Amino acid sequence: MATWGAKVTLPLSHPFAMPTITWKVNTLSRTLGNGRVDSVHYGVDARSDDDVYSAGAYGEIALEGDVVTAYADLEEATVVGWVKAALGDDKVAEVNAALEAQLTEQATPTTGTGVPW
């Protein structure tokens with residue numbers, strides 16, 4: 001099961017071109033005796049095309065089954081693929097959309113704080 005930081009749901013029209021969304025592996029938890037990766041701690045970063053706005057999410061997901069790639073031979077792209085497969089297309093799209101919504105809210109806020117003086 002994945003755990004998340006903030007979840008935001010807003011319309012997906014934004015005042016900038018397509019943002020860059022990057023999935024990455026922060027760290028792996030593994031069993032030292034056999035090198036099996038037990039869980040992946042991952043992050044998802046989103047940036048506006050002008051690099052002014054940014055948002056992020058993080059999670060941890062347990063891996064099921066046997067890992068057929070030796071730990072020393074693992075590459076980040078492979079592990080990110082495992083994370084996305086374990087989450088499923090709908091959840092990956094939900095995370096991406098939530099991050100885009102956060103960027104939109106930063107660029108065109110719908111709420112504010114402060115005092116008038």
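In this text the structure is predicted, and so the values were computed from the model without any measurement. (Residues numbered from 1 in each chain as written. Predicted model: local features only at pLDDT ≥ 70, side-chain atom pairs only at ≥ 80, totals over all residues. Heavy atoms only, no water.)

Bringing the overall build of the protein chain into the picture now. Within the protein chain, the regular secondary structure consists of 2 helices and 3 strands. Classification of the 117 residues of the protein chain by burial places 30% in the buried group. In the protein chain, 62% of the contacts between residues at least 6 apart in sequence involve partners at least 24 apart. Carbon and sulfur atoms form 53% of the exposed surface of the protein chain, whose accessible area is close to 7300 Å². (Helix = DSSP H or I, 4+ residues; strand = E, 2+ residues; numbered from the N terminus. Buried < 20%, exposed > 50% of the residue type's maximum accessible area, 1.4 Å probe, protein only. Contact = heavy atoms within 4.5 Å. Areas by Shrake-Rupley, 256 points an atom, 1.4 Å probe, with all protein chains shown as cover.)

Counting 20 residues, the largest nonpolar core has Trp23, Val40, Tyr42, Val83, Leu87 and Leu99 as its most contacted members. The set of elements that each furnish at least two residues to this core consists of strand S1 (20-30), strand S2 (37-47), strand S3 (54-62), helix H1 (76-87) and helix H2 (89-107). Here this core takes 5 residues from S2, the largest share from any one element. (Core = buried A, V, L, I, M, F, W, Y, C linked by side-chain atoms within 4.5 Å.)

Within the open sheet, the 3 strands sit side by side as S1-S2-S3. Their pairing is antiparallel. Across the chains shown, the open sheet's two edge strands, defined by having one partner strand only, are S1 and S3. Taking each pair of neighbouring strands and ignoring which way they run, the sheet shows an average axis angle of 15°. H1 contacts S1, S2 and S3 of the sheet and is inclined by roughly 95° relative to S1. Contacts between H2 and the sheet are confined to S1, S2 and S3, with S3 contributing the most and set at about 155° to the helix. (Pairing = 2+ DSSP bridges. Axes fitted to C-alpha atoms, helices over the stretch in contact; angles between N-to-C directions.)

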